[in-house]
Amino acid sequence: MIRLSFWILGALLLGGIVHLSTVLAMPQAATQDAYSRLARLAPVNSLVPLAPPTAQDAIMPFMDPAFAVAVCRYDLSAGTLKFNAPVSQAYTSVTFYTRKSVAYYAINDRAAGRRAIELDLMTPEQHAELPEEQDVTAADRLIIDSPTTTGLIVLRALAPEPGLMAMARRALADARCRAVPLQQ
Amino acid sequence: MRLFFGSCFTLFLAAVIGLSATWLTVTRGVAFGSLKIGAWTAWPRSGSTDIDPYARAIIARSGELPIGTGDGVAFYARTDDAGKAFDGRCTFVLSGMTPSARYWSLTLYDPEGKLVANTIDRHGFTSAELLRDVGGRFAINVGPRARPGNWLPSGGIEKFVLVLRLYDTPIGVASMTSKEGPMPAIVRKACS
């Protein structure tokens, strides 16, 4: 009896280890995460508008149907990225996600404070290599450090009512996501 | 021999315990740092790099992109204020106030996060399109049958989820209390 309880205790301990390691391994093993879903639709380093979610079909679960959405799937291995988006009349936001769907930075039109949201995205290494004078003159340039080399930029424009969805989509159409090759 | 069977039994039991615990936490949506106001729950840290490993696992499995902290916050409700699970055959009334935010939206999903088919093609409301009374208060009827005023059709599905997203809210969400963040009350009315 005592022997059996030792075996069970051991099983509980091992079970705990199995549980924790599977939870931690899940993001690495996931094949249906947001990045993988979008990799099929969005070419790298270009902004692609996403189809609005419907009852029959949605690219991702829990998408807000009040928003027009465009995605830039980025890869910084060949250089930095320039992103700019004109703000729509209602509400516009830009959110940056790592390869594993962690939102590491988000900004909205009011926080950007201008008629357009303009950002430079780079890895911390590329940021460190930036020529000094460029960094100084870049006072009005917002530089974002990406913790991962690949990831997602998601641009969202609100349509306050369904009739304004076309306007929100037009605002997205003028946004750009452009790779800047490394200077030799 | 006894040792062999004993270790086999232990390893098997460990695998069952570990994997079922993972399955339960990931499918039931267990994540730390939740903020509960009435029937509504938000996980403000899921929109930042402070996201905990459980929330990471849930997001990796579901394939969703959490709303970023600088963008807004999402509150989920699966029950009414009395704690009864949402039932698509019943009518629920949402009324009251929302925390101050530039915009908010309310959306109805099935438990998997898909929109629900309905005849008028309405899946939610934004704060700008809602019909309100003179005092600025609103009431939204969530149910299978058409209602006057703000009707959010539930399509009669067995279970559903309501998501209230606040965009550009000045309140520090992590420290929000029910006083600063008055969330709409959810009351169950007639069932058919």
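Residues numbered from 1 in each chain as written. Chains lettered and ligands numbered in written order. Predicted model: local features only at pLDDT ≥ 70, side-chain atom pairs only at ≥ 80, totals over all residues. Heavy atoms only, no water.

1. Observations concerning the interface of chain A and chain B
Consideration 1: With 55 residues of chain A in contact, the opposing surface of chain B contributes 57 residues.
Consideration 2: At the boundary of chain A with chain B, total buried surface from both sides reaches about 4600 Å², with 68% on carbon and sulfur atoms.
Consideration 3: Between the two partners, chain A and chain B, sit 3 salt bridges.
Consideration 4: For arginine 165 of chain B, the salt bridge is made with aspartate 64 of chain A, and the minimal N-O distance between the two is 3.8 Å.
Consideration 5: In this structure, the connection of chain A to chain B is made through 16 residue pairs in polar contact (both at pLDDT 80 or more).
Consideration 6: Those elements that place two or more of their residues in the side of chain A that touches chain B are α1 (2-29), α2 (34-39), β4 (92-98), β5 (103-108), α3 (109-112) and β8 (150-158) of chain A.
Consideration 7: Of all the elements, α1 of chain A adds the most residues to the side of chain A that touches chain B, at 17 residues.
Consideration 8: Its residues assigned to classes, the side of chain A that touches chain B shows 36 nonpolar, 11 polar and 8 charged. (Contact = heavy atoms within 4.5 Å. Buried area = accessible area lost by both parts, 1.4 Å probe. Salt bridge = Lys/Arg side-chain N within 4 Å of Asp/Glu carboxyl O. Polar contact = N/O pair within 3.5 Å; in protein donor to acceptor, adjacent residues only side chain to side chain. Helix = DSSP H or I, 4+ residues; strand = E, 2+ residues; numbered from the N terminus. Nonpolar A, V, L, I, M, F, W, Y, C, P; charged D, E, K, R; others polar.)

2. Looking at the domain arrangement of chain B
Residue and element names in this part refer to chain B.
Consideration 1: Along its sequence, chain B is carved into domain 1 (1-30) and domain 2 (33-191).
Consideration 2: Computed from C-alpha coordinates alone, the two centres of domain 1 and domain 2 are separated by 36 Å.
Consideration 3: Tallying the contact residues gives 6 residues for domain 1 and 5 residues for domain 2.
Consideration 4: Our count for the contact surface shared by domain 1 and domain 2 stands at 0 salt bridges.
Consideration 5: At the junction of domain 1 with domain 2, the criterion picks out 0 residue pairs in polar contact (both at pLDDT 80 or more).
Consideration 6: A per-class count over the side of domain 1 that touches domain 2 returns 3 nonpolar, 3 polar and no charged. (Domains from an automatic or database assignment.)

3. Some thoughts on the state of the cysteines
Consideration 1: This structure, assessed with the given rule, holds 2 disulfides over all chains.
Consideration 2: Two residues share a disulfide in this structure: cysteine 72 of chain A and cysteine 177 of chain A, whose sulfurs sit 1.9 Å from each other. Of the two residues, cysteine 72 of chain A sits in strand β2 (residues 67-75) while cysteine 177 of chain A sits in strand β9 (residues 176-181), which places them 105 residues apart along the sequence. Exposure class is identical for cysteine 72 of chain A and cysteine 177 of chain A. Each is buried.
Consideration 3: Through a disulfide, cysteine 90 of chain B is tied to cysteine 191 of chain B; the S-S separation comes to 2.0 Å. (Disulfide = S-S within 2.5 Å. Buried < 20%, exposed > 50% of the residue type's maximum accessible area, 1.4 Å probe, protein only.)

4. Describing the side chain of glutamate 64 of chain B
Consideration 1: Note on placement: glutamate 64 of chain B falls in the loop between α2 (53-62) and β3 (72-77).
Consideration 2: There is no salt bridge for the buried glutamate 64 of chain B, and the closest opposite charge comes from arginine 165 of chain B, which lies 6.4 Å off by N-O distance.
Consideration 3: A polar contact of 3.0 Å, which involves the side chain of glutamate 64 of chain B, links it to the side chain of serine 62 of chain B.
Consideration 4: Not counting the four nearest positions on each side in its chain, glutamate 64 of chain B is found in contact with Ala34, Pro61, Phe62 and Ser101 of chain A together with Ile59 and Tyr76 of chain B. (Lys, Arg positive; Asp, Glu negative; His and termini not counted.)

5. Concerning the pairing of strand β6 (residues 116-122) of chain A
Residues and elements named next belong to chain A.
Consideration 1: Along β6, 5 of the 7 residues are buried, which leaves the element largely enclosed by surrounding structure.
Consideration 2: Across 4 bridges, the pairing between β6 and strand β7 (residues 142-145) is parallel. Pairing of aspartate 120 across the sheet is with isoleucine 143, part of β7. (Pairing = 2+ DSSP bridges.)

6. A word on the packing of α1 of chain A against helix α1 (residues 2-28) of chain B
Consideration 1: Close contact between α1 of chain A and α1 of chain B brings their axes to 7 Å; oriented N to C, the two are set at 40°. Relative to α1 of chain B, the element α1 of chain A is oriented oblique. In this structure, α1 of chain A meets α1 of chain B at a crossing whose hand is right-handed. (Axes fitted to C-alpha atoms, helices over the stretch in contact; angles between N-to-C directions. Parallel < 35°, antiparallel > 145°, perpendicular 65-115°, else oblique. Left-handed = near helix turned anticlockwise from the far one by under 90°.)

7. Describing the side chain of aspartate 33 of chain A
Consideration 1: By secondary structure assignment, the location of aspartate 33 of chain A is in the loop between α1 and α2.
Consideration 2: On the accessibility criterion, aspartate 33 of chain A (1% relative accessible area) is buried.
Consideration 3: At a separation of 2.4 Å, a polar atom in the side chain of aspartate 33 of chain A contacts the side chain of serine 36 of chain A.
Consideration 4: Sequence-distant contacts of aspartate 33 of chain A, defined by excluding residues within four places in its chain, comprise Arg99 of chain A together with Ala60 and Gly63 of chain B.

8. So, the pattern of salt bridges
Residues and elements named next belong to chain A.
Consideration 1: Enumeration over the complete set of coordinates arrives at 9 salt bridges over all chains.
Consideration 2: Here lysine 82 makes a salt bridge to aspartate 120, at a shortest N to O gap of 3.1 Å. Taken together, the positions of lysine 82 in strand β3 (residues 79-86) and aspartate 120 in strand β6 put the pair 38 residues apart, joining distant regions of the chain.
Consideration 3: Classification of lysine 82 as partly exposed rests on a relative accessible area of 28%.

9. Description of the environment of alanine 128 of chain B
Consideration 1: Along the polypeptide, alanine 128 of chain B turns up in the loop between β6 (124-126) and β7 (138-143).
Consideration 2: Exposure remark for alanine 128 of chain B: the relative accessible area of 41% places this residue in the partly exposed category.
Consideration 3: If we skip the residues at most four places from it in the chain, alanine 128 of chain B touches Pro160 of chain A together with Tyr103 of chain B.

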